[in-house]
Amino acid sequence: MRRTILIAALVAITGLAAWADDRGPVTGLPLPRYVSMKAAEGYARRGPSSTHRIDWVFKRRNMPLLLTDEYGQWRRVQDREGAGGWMHYSLLSGNRTVIVEPEQLDLRRRPTPDSPVSARLETGVVAWLDHCEGDWCEVEVEGTGGWAERAALWGILPGEPSD
């Protein structure tokens, strides 16, 4: 009986550890993870091949996408509204970008709420993600950089480390 309980506990712990460290079967990179659109236009298909029906067409270079699965040369992605499908990996980049969520977002010179404002961004602006420190992320838009609160950005997982 004691041995059965020990085996069951080990199986539960092993399963939990695998879930917490989910890796893509093709790249070995973490899932889910964020990527960006390398191309100016990309088809999101119903399945992982060029013969599958196109469900969505993304038309915004550098837009962040959440990558949730991998199959061969195909990656399953979705945008911030949940639209998406399978895209060929050549249309995607590992360069990180984020989308501004609130109507107006103040970029700060330092990662503190009382720091001077360096720029103001509107909803939907795509910014390059540099790195995050705690609840703040350093971003850049057209040569202007600053710090934004992580919660105001779509394209980075809560608690995700960033360098």
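Residues numbered from 1 in each chain as written. Predicted model: local features only at pLDDT ≥ 70, side-chain atom pairs only at ≥ 80, totals over all residues. Heavy atoms only, no water.

A closer look at the pattern of salt bridges
The tally for this structure, following the rule as stated, stands at nine salt bridges. Put simply, glutamate 160 and arginine 96 hold a salt bridge, and the shortest N to O gap is 2.7 Å. Of the two residues, glutamate 160 is situated in the segment after strand S14 (153-154) and arginine 96 in the loop between strand S7 (92-93) and strand S8 (97-100); the sequence distance between them amounts to 64 residues. Exposure remark for glutamate 160: the relative accessible area of 17% places this residue in the buried category. Note that arginine 108 is salt-bridged to aspartate 106, the shortest N-O span being 3.9 Å. Judged by relative accessible area, aspartate 106 falls into the partly exposed class, the value being 22%. Within this structure, Arg46, Arg53 and Asp55 form a network of salt bridges that share partners. (Salt bridge = Lys/Arg side-chain N within 4 Å of Asp/Glu carboxyl O. Helix = DSSP H or I, 4+ residues; strand = E, 2+ residues; numbered from the N terminus. Buried < 20%, exposed > 50% of the residue type's maximum accessible area, 1.4 Å probe, protein only.)

Observations concerning the state of the cysteines
Considering all chains together, one arrives at one disulfide under this definition. There is a disulfide in this structure between cysteine 132 and cysteine 137, and the S-S distance comes to 2.0 Å. In this structure the cystine formed by cysteine 132 and cysteine 137 twists about its S-S bond by roughly 95°; its chirality is therefore right-handed. Cysteine 137 carries the same exposure label as cysteine 132, and that label is buried. (Disulfide = S-S within 2.5 Å.)

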